[in-house]
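A look at the structure
Now for the letters of each chain:
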Amino acid sequence: TSNEPDEPESTGASQVANTGSGNDEPGQEVVIGFSAPAADHGWIGAITTKAEEEAAKYEDVDFQAVEGSNDVNQQISQVETLISRNVNVLVILPFDGNALTEVGIKAMEAGIQVINLDRVFSSARGYRTYIGGDNYGMGAAAGYYLAQQLTEKGVKDPVIGEVQGIADLPLTQDRSKGFEEALATAGFKVSNKVSAQFTVESGQQVTSNLLQAAPKLDALWNHDDDQGLGVLAAIEQAGRDEFIMVGGAGSRNMMDLIKADSGVMKATVTYPPSMAASAVKLARLVGQSKGMADLVELGVPASITLTSETITKENVDQYLSLGFES
Amino acid sequence: MDDGVLLRMRGIVKQFPGVRALDGVDLDVAAGQVHCLLGQNGAGKSTLIRVLAGAHRPDEGSLSWEGEDVSFSSPSSAIQRGIATIYQELDLVPGLSVADNLYLGHEKATAGFVHRSAQGAAAAAVLKKLGHSEIPVSREVGRLSAAQQQIVSLARALARDAKLIVMDEPSAVLAHDEVDNLFRVIRGLIAENVAVVYISHRLEEIRQIGDMVTVLKDGRTVATGLPAKSTPTPELVSLMTGRNVEYLFPPRTSDPFSSDAPLLQVEGLALKGAFEGVDLVVRPGEIVGLAGLVGAGRSEVLETIYGARRRTTGTVRMEGRELPAGSVRAAVKAGMGLAPEERKSQALLLGEPVARNVTLASLSRMTKTVPGWLDRRREKITAQEATAGLEVRPADVTRAVKTLSGGNQQKVVLARWLLGSTKLLLLDEPTRGVDVGARSEIYALVRRLADDGMGVLLVSSEVPEVLGLADRVLVMREGQVVHTGPADELDEHRVLDLVMEGIAR
Amino acid sequence: MSVSTAPPAVSTQRPGVLARMRGTEVRNLGLVAVLAVLIVIGAVTSENFLTTDNLENILVSSSVIGVVTIGMTFVIIGGGIDLSVGAIVALASVWATTLATQSYGPWMMALCAILVGAGAGLANGLLIAYGRLVPFIVTLAMMVSARGLAARLADNRTQLVNEQGIKDLAKTDVLGIPLMVIILAVVAALGWILLNRTTFGRRTFAIGGNTEAARLAGIDTRLNTALLYVLSGTCCGIAAVMLLARTTTGSSTHGNLYELDAIAAVIIGGTLLSGGRGTLIGSILGVLVFITISNIFILNNLATETQNIAKGLIIVGAVLLQRRANRDTT
Amino acid sequence: MSVSTAPPAVSTQRPGVLARMRGTEVRNLGLVAVLAVLIVIGAVTSENFLTTDNLENILVSSSVIGVVTIGMTFVIIGGGIDLSVGAIVALASVWATTLATQSYGPWMMALCAILVGAGAGLANGLLIAYGRLVPFIVTLAMMVSARGLAARLADNRTQLVNEQGIKDLAKTDVLGIPLMVIILAVVAALGWILLNRTTFGRRTFAIGGNTEAARLAGIDTRLNTALLYVLSGTCCGIAAVMLLARTTTGSSTHGNLYELDAIAAVIIGGTLLSGGRGTLIGSILGVLVFITISNIFILNNLATETQNIAKGLIIVGAVLLQRRANRDTT
Ligand SMILES: Nc1ncnc2c1ncn2[C@@H]1O[C@H](COP(=O)(O)OP(=O)(O)OP(=O)(O)O)[C@@H](O)[C@H]1O
Ligand SMILES: Nc1ncnc2c1ncn2[C@@H]1O[C@H](COP(=O)(O)OP(=O)(O)OP(=O)(O)O)[C@@H](O)[C@H]1O
Ligand SMILES: [Mg+2]
Ligand SMILES: [Mg+2]
């Protein structure tokens, strides 16, 4: 067996270990059901695409995705449909983890293994394995980075802006909390906060107003690189460049901008949609009762939380291949 | 084109679900003639002219126009041939101005751009020709009174420069002098060799203006080419109805000077901008008529008494108890019922069956033991009885009201108030569009209701109707009552003088 | 009663059963045909479609939006519109899951959700009927405000239902039928009676068909209109309780786009958007059609974007089929 | 909705200038008053409100949805509704940013977006006018399908605009006025002329006010209705081009909920949802009101949920104020 990744462009430094070791050899056929919220913004779109692409790599995987929905009731029904269709493993990215817990438990009780992707269920009985990002950690990473930059520059009482995603999602609140608490370590706080909808257009719209509310900014954190395209468009259209900006998630576009270092965009904190590909891989392994090659244990672990890494000009080259097309 | 026949219709059949509205009708119309269509409510007159205007496609039959076989696939193809139509139910667009309505579909425009001033001027000219330059051409049609809207409809037909103008009961909403005015216009048209098809339930109008008469009955032509001036009335009536109807007012029975406790007592009633200082009394068993010109404010008086408009000053008492201003519910509870002037917009649920229209105002009495729980059998039977009493045709109460002919729709509205505890009936133009036979039935009915103790307040633009039916008459002019007195002390001339001059000469 | 004595004339021909049904009810036959076609498609394309589990699943999925749709049908027949249903569901779900409310137990939670729904509906109704404001604007304002208030109450978080009593609702079967479906059936039956067998229902049709005529007939159009929105709000409250059970959470994101789904079901069910005409059965069939379409897609493993493209086409096809079915029966 | 021939309150005195203006245009004065109040509130609560930059920002923010609203106004006056505007904007933006289209340069991109918009509108129009299907359902189907198609074309990705020519639109000023605002002004002016000065506009009012009367007057109501949707689609295409410039991207998520925003602006602008009556100026004012409210909130750094609660209240307040203003002027 080899340690060489079979798809170099989709694997990055931190993921090399997940492949190889014979786990990719065709095995017993696994039917994987996949349910995620409506692909009404790029990150979720990327999640779905990554999952599909990963599944397509394996001949022994039958991948069945259902229509995305932002209505939890609808998503519950969809998962129920998948259950009654007797899939082997379910990958569920819930619109709201709390709301899908019961149906997760139902699936587990029906003997279907559940991979809970990203938004965690309220009970561990609902999943075989959780894999997801760290929203609090993401906000904290952005906060620490900005605090450090501003302190280095010696800015006193900086004006810091924040562009949230959808305000009333738990993940948004977690991100903001991490951001606030990290900034607080340097004695800073957020002065202007707006929330968009994770879409380019809403990012553009709210940012153009934010820039009016804060005629002078020192720093800006944007939760999401998809809406970041809009945020940047608004900044450019307003002709502003006096501040530094940090993104979120880690899209390829943003990495290119960080690398070029020609504008406000200085860093982004990762929240990679490639976790969907990992989830599919895990689902397949679980379905085939295999373990993870680089671990000693025979089974797949119950929980994997990805770290949020800070990508800057210095380390961007390492990450370029992981950047998702938003 | 032999014998000057402009339009020839042969064997026209039009079938609606459940009704054969036209069953082989023939009609010949010659240029320079007024051709009258007569027939009872539901005989098929409106349907015939809708076929002629391209609004309905006939199921069978042929049409020839100026000697050439034609078939109109849409209203515009009839219009292009030179046929203009005034429909029975007003067909104006309420949100558009008078001028825009007049030229709708044939706007004065180049390359799609409307010449607004030219169009306004042309509209003003047409209205002036009709003697109604007081109607502002820029006013929204929805803000005009029913009579004014009818005039706009007429003006619109004239604005088309048509060879044939079809008029479906144009005089129904017009007052006496307005009808004369209409006839003046028709004579002008005839002089220009235009043909006119004229529909009316008033035989005296047919005599005045008509040349030829065609009589329809149950969707068939029963007589055609009758001379309008000379055919005896009994002959026409029996052709229409198949029987002899006396066009008579029932004898008065109540005492105009009775001192019974008044049912309705109105004092110093005023509505800003419409009328003021109206005093009137209606006693049980009494019919009180309100006469006056169109626009004199009679409808407003009725509607204000009824609470549909909020009075500015004055009091309204039913059986001694004062009613709150602007509450229809209080009025209905106290025993009033209104048959309004514009039945289509003010009274009817067009898509609903007859039965539901009839019981609308007395739903709370159509219930079983549990309040609010409908007794649908009782509802249906009650509606059937009420409509049968008025000879609503067809006699099927499950039929949608909009499929009834105009006159039968009016009867449905009347039937609504005959159901329950109505003590005072407010009738605004109750016989508009109602045929000869039904008309005398309605007169008899109103009188019988009065004899049973009901009070009636009647508004009608037909002076003979007011004089013949009412016990007492109030004459209104420009928002004021100019005369009050027993009906038998007045005649048509005196009323007209009062109406025009405010004094009796 | 003083109408003349002439006996009611008997209608000459005895019309057939179909012809005697009112226009709108015949229209429902069209929808039944659409549903039948969908079921055939489902059965042919997927072996899992005609399983008890799956059919039950379709019904349960329809139950929450179904209850909302019943209230919406009343409002639309009465000539109005209610854009706030989704937001009211969210608000009621959040309010019922606050810690304070949960401490009183499941009955109190359910009552709270229903009262919040009815209260929000009352606010709508008062502004529309007595404030004479346009329904579209008032309920739009309520939609925005109620979601904001829900987010505020929940502090932008999802609140867990702790009461097992509520959670059990989603798992209970009565005589083999899921309780959720029974709730829908009961609400639908009550709604049907209210609409078709009571004076309130009759007046609702009248107001939607011709408000002026209803007013001149002595109907208290304002009170009646206000009640329509209270009814719709109450249905939202009931739907919120069902959603609490299904999702075991209260959240300001619940009921997302329910307004659109409900209005669409009502309209495809043959109710006129302008009021005065419609049936409850049509609305329920409308809900079933939409849910069945989604279900078939999932069973056939279509990509989401393909599902959407196809869904639009099927909707148009369904309406065309429905029209054709109606033409044939009348 | 019932026919509106019931006579409104009577006025016999010679009316003043204000009263002689058509009812709906007077209504606009109410909206101007609302806007004035909002501006005062903005100026008082935030020093950054009355800056040229910010006012320009409000206008620019209004421009894209403003253009969509113009098309929507026509459709609603003509008695219809268009739920597909947002989806058409998305589809047009995606189609115009496919690599194939971009290779032809900025003009071709703009033309492509506009043609796609018009084409989708034509599909709506044909189904509604000639297929005689309910506008709500047809445009709902288009909404779902067009978004699905957009997602498919874009493969669920955001597509970048590479053409500098398009991006520059968002940054260009003409005589100190942003080009975006000028585009809105031009579309509005053309729309106003079309609505108020041409036979097409008159006929649109007629069809919306009384379709049967329009038909009996010999108007080709079907052609005219179909054209209304083409017009709306074309406006969406223009809006898509503007959005390409503003966001420098094409995406299937563009135009999210535009249908609701546009309809709300039209209705608050005094156009009847049932058709036949309305003004373009009112609709534009409606857009400005909504955008200004959001702007004031952000300048005051309100939390999103507080914004929403307040927004609902302000909308109701605005409509009440508007009514009061109208009463005083008539
Ligand atoms: N659209 C329709 N659908 C069904 N039946 C209809 C329709 N229009 C008319 N009818 C029926 O056709 C018959 C003829 O109606 P029509 O309106 O032509 O009568 P009319 O002679 O004009 O009566 P009136 O003097 O009362 O106006 C009536 O029985 C009527 O109920
Ligand atoms: N919708 C309206 N808008 C403005 N003025 C109106 C309106 N309707 C009626 N008027 C005016 O109110 C007055 C009374 O009109 P109304 O039609 O009630 O009189 P009427 O005596 O009942 O006549 P009719 O014979 O038409 O019933 C007239 O001056 C008329 O022009
Ligand atoms: Mg007739
Ligand atoms: Mg009158």
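Below or above, wherever it landed, is the structure these notes cover. (Residues numbered from 1 in each chain as written. Chains lettered and ligands numbered in written order. Predicted model: local features only at pLDDT ≥ 70, side-chain atom pairs only at ≥ 80, totals over all residues. Heavy atoms only, no water.)

What follows concerns the packing of aromatic side chains. Going through the model one piece at a time under the given rule, you end up with nine aromatic pairs over all chains. Measuring from ring centre to ring centre gives 5.5 Å for Phe34 of chain A and Phe63 of chain A, while their planes differ by 40°; the resulting arrangement is tilted. Of this pair, Phe34 of chain A sits in strand 1 (residues 30-35) while Phe63 of chain A is found in strand 2 (residues 61-65), placing the two residues 29 residues apart along the sequence. Residue class for Phe63 of chain A comes out buried when judged on its relative accessible area of 14%. Following the ring pairs from residue to residue traces out a cluster consisting of Phe121, Tyr127 and Tyr130 of chain A. Positioned above the aromatic ring of Phe205 of chain C, the side-chain terminus of Arg356 of chain B is 5.6 Å from the ring centre. (Phe/Tyr/Trp six-rings, centres within 6.5 Å; stacked < 30°, edge-to-face > 60°. Helix = DSSP H or I, 4+ residues; strand = E, 2+ residues; numbered from the N terminus. Buried < 20%, exposed > 50% of the residue type's maximum accessible area, 1.4 Å probe, protein only. Lys NZ or Arg CZ within 6 Å of the ring centre and 35° of its normal.)

Moving on, we come to the arrangement of the chains. Counting contacts across all five pairs of chains that touch, the top pair turns out to be chains C and D. For the non-touching pair chain A and chain B, the nearest C-alpha separation works out to 36 Å. (Contact = heavy atoms within 4.5 Å.)

Residue and element names in this part refer to chain B. Taken together, six strands build an open sheet; the order of strands is 18-19-20-15-21-22 and the sheet is mixed. Strands with a single pairing partner mark the edges of an open sheet, and in this sheet they are strand 18 (336-339) and strand 22 (480-486). Neighbour-to-neighbour, the strand axes of this sheet turn through a mean angle of 15°, independent of strand direction. Taken together, the six bridges between strand 21 (residues 472-477) and strand 22 define a ladder with antiparallel strand orientation. When the sheet's bridge partners are listed, Met476 is paired in strand 22 with Val481. (Pairing = 2+ DSSP bridges. Axes fitted to C-alpha atoms, helices over the stretch in contact; angles between N-to-C directions.)

What follows covers the coordination of the magnesium ion (ligand 3). Where a metal carries four tetrahedral donors, each ideal angle is 109.5 degrees; where it carries six octahedral donors, the ideal angles are 90 or 180 degrees. All names here are of chain B. Ser46 (OG) and Gln88 (OE1) make up the full set of protein donors to the magnesium ion (ligand 3), lying at 1.9 to 2.0 Å. Linking Ser46 in helix 1 (residues 45-52) with Gln88 in the loop between strand 6 (83-86) and helix 3 (98-102), this pair joins segments that are 42 residues apart in sequence. Judged by relative accessible area, Gln88 falls into the buried class, the value being 19%. (Donors = N, O, S within 2.8 Å, 3.2 Å for Na, K, Ca; no water.)

Moving on, we come to the pattern of salt bridges. Here the idea is simple: oppositely charged side chains can pair when their charged atoms come close. Within the structure shown, the criterion is met by 49 salt bridges over all chains. Two residues, Glu80 of chain A and Arg246 of chain C, come together in a salt bridge whose shortest N-O distance is 3.2 Å. Here Arg246 of chain C lies in helix 12 (residues 221-247) and Glu80 of chain A lies in helix 2 (residues 72-84), a pairing that spans two chains. Residue class for Arg246 of chain C comes out buried when judged on its relative accessible area of 7%. Salt bridges linked by common partners bring Arg202, Glu205, Arg439, Glu462 and Glu465 of chain B together as one network. (Salt bridge = Lys/Arg side-chain N within 4 Å of Asp/Glu carboxyl O.)

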